[in-house]
Amino acid sequence: MSLDNAPEEVKLAVDLIMLLEQHEIPTETALAALEIVRQDFLRKREENTPR
């Protein structure tokens, strides 16, 4: 299965999964970190949304 034609978010997700697995990050640590990242990007999106 090739990622050549995959959407950018899928490519990024695969890269992140590989990075976390290569560094043997525990699942709970990865999920907690990803939630922090998610909240940060949601905040940034909110700040950049015109009102």
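Residues numbered from 1 in each chain as written. Predicted model: local features only at pLDDT ≥ 70, side-chain atom pairs only at ≥ 80, totals over all residues. Heavy atoms only, no water.

**Examining helix α1 (residues 8-22)**
- Here α1 is 15 residues long and its end C-alpha atoms lie 21 Å apart, about the 21 Å a rise of 1.5 Å per residue gives.
- Glu24 lies just past α1 and shows a positive phi near 50°. (Helix = DSSP H or I, 4+ residues; strand = E, 2+ residues; numbered from the N terminus. Expected span 1.5 Å × (residues − 1).)

**Overview of the pattern of salt bridges**
- Inspection of every chain in the model, using the stated rule, returns 5 salt bridges.
- Two residues, Glu8 and Lys11, come together in a salt bridge whose shortest N-O distance is 3.5 Å. You can see Glu8 and its partner Lys11 sitting in helix α1, 3 residues apart, about one turn around the helix.
- The salt bridge partner of Arg43 is Glu47, with a shortest N-O separation of 2.9 Å. Residue Arg43 and its partner Glu47 are located together in helix α2 (residues 27-47), separated by 4 residues, close to a single helical turn. (Salt bridge = Lys/Arg side-chain N within 4 Å of Asp/Glu carboxyl O.)

**Here we look at a nonpolar patch on the surface**
- Taken together, the side chains of Leu12, Leu16, Leu19, Leu31 and Leu34 make up a nonpolar region of the molecular surface, amounting to roughly 440 Å² of accessible area.
- When residues of the nonpolar patch are traced back to their parent elements, those giving at least two are α1 and α2.
- A per-element tally of the nonpolar patch places α1 first, with 3 residues.
- Tracing the chain through its elements places Leu19 in helix α1.
- Relative accessible area serves as the criterion here: at 43%, Leu19 is assigned to the partly exposed category. (Patch = residues over 30% accessible without salt bridge, like charges linked within 9 Å, V, L, I, M, F, W, Y side chains within 5 Å. Areas by Shrake-Rupley, 256 points an atom, 1.4 Å probe, with all protein chains shown as cover. Buried < 20%, exposed > 50% of the residue type's maximum accessible area, 1.4 Å probe, protein only.)

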